Amino acid sequence: MSKPLPPWLKPFWARLLVVLICLGWMVVETLWGQPFWATLALGAAAISAWELFLKRGRRREDQDG
């Protein structure tokens, strides 16, 4: 069982902002020619998207069914 989201992450726009910041960081690192850090930022974006959107959506579907 996962922990509930902190109050500042409950609005959709706040969760989206976290993912977009990670993706923006990935773009910056790519433009600066740093593939290692760009890969880490992409991984952070993927994990954020999974935890903040996809995993929580699946949990709701499981509870409804």
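Residues numbered from 1 in each chain as written. Predicted model: local features only at pLDDT ≥ 70, side-chain atom pairs only at ≥ 80, totals over all residues. Heavy atoms only, no water.

Here we take up the overall build of the protein. On a plain count of helices and strands, the protein comes out with two helices and zero strands. For the protein, the proportion of its 65 residues judged to be buried stands at 20%. Accessible surface for the protein amounts to roughly 5100 Å². Of this, 70% is attributable to carbon and sulfur atoms. (Helix = DSSP H or I, 4+ residues; strand = E, 2+ residues; numbered from the N terminus. Buried < 20%, exposed > 50% of the residue type's maximum accessible area, 1.4 Å probe, protein only. Areas by Shrake-Rupley, 256 points an atom, 1.4 Å probe, with all protein chains shown as cover.)

With the rule as written, the count across this model stands at two aromatic pairs. An angle of 65° between the planes, with centres 5.5 Å apart, marks the rings of F12 and F53 as edge-to-face. Within this pair, whereas F12 is found in helix α1 (residues 12–31), its partner F53 is found in helix α2 (residues 35–64), the two being separated by 41 residues in sequence. F53 sits in the partly exposed class, given a relative accessible area of 23%. Where F36 meets W37, the ring centres are 5.1 Å apart and the plane angle is 80°; that geometry is what we call edge-to-face. For F36, a relative accessible area of 54% translates into the label exposed. Exposure remark for W37: the relative accessible area of 41% places this residue in the partly exposed category. (Phe/Tyr/Trp six-rings, centres within 6.5 Å; stacked < 30°, edge-to-face > 60°.)

Further remarks concern the pattern of salt bridges. A full pass over the atoms with the stated rule returns one salt bridge. Linking K55 and E51 is a salt bridge whose minimum nitrogen-to-oxygen distance equals 3.4 Å. Separated by four residues within a single helix, K55 and E51 lie in helix α2, roughly one turn from each other. Judged by its relative accessible area of 26%, K55 falls in the partly exposed class. (Salt bridge = Lys/Arg side-chain N within 4 Å of Asp/Glu carboxyl O.)

Moving on to α1. Quick reminder: α-helices carry 3.6 residues per turn. Residues three or four places apart thus point the same way. Along its 20 residues, α1 runs 29 Å from first to last C-alpha, staying within 8% of the 28 Å computed at 1.5 Å per residue. Following α1 by one or two positions, G33 adopts a phi angle in the positive range, close to 75°. (Expected span 1.5 Å × (residues − 1).)

Attention shifts here to the side chain of E29. Note on placement: E29 falls in helix α1. One buried charged residue, E29, remains without a salt bridge, the closest side chain of opposite sign being R15 at 25 Å. Excluding anything up to four places from it in sequence, E29 contacts Q34, W37 and A38. (Lys, Arg positive; Asp, Glu negative; His and termini not counted. Contact = heavy atoms within 4.5 Å.)

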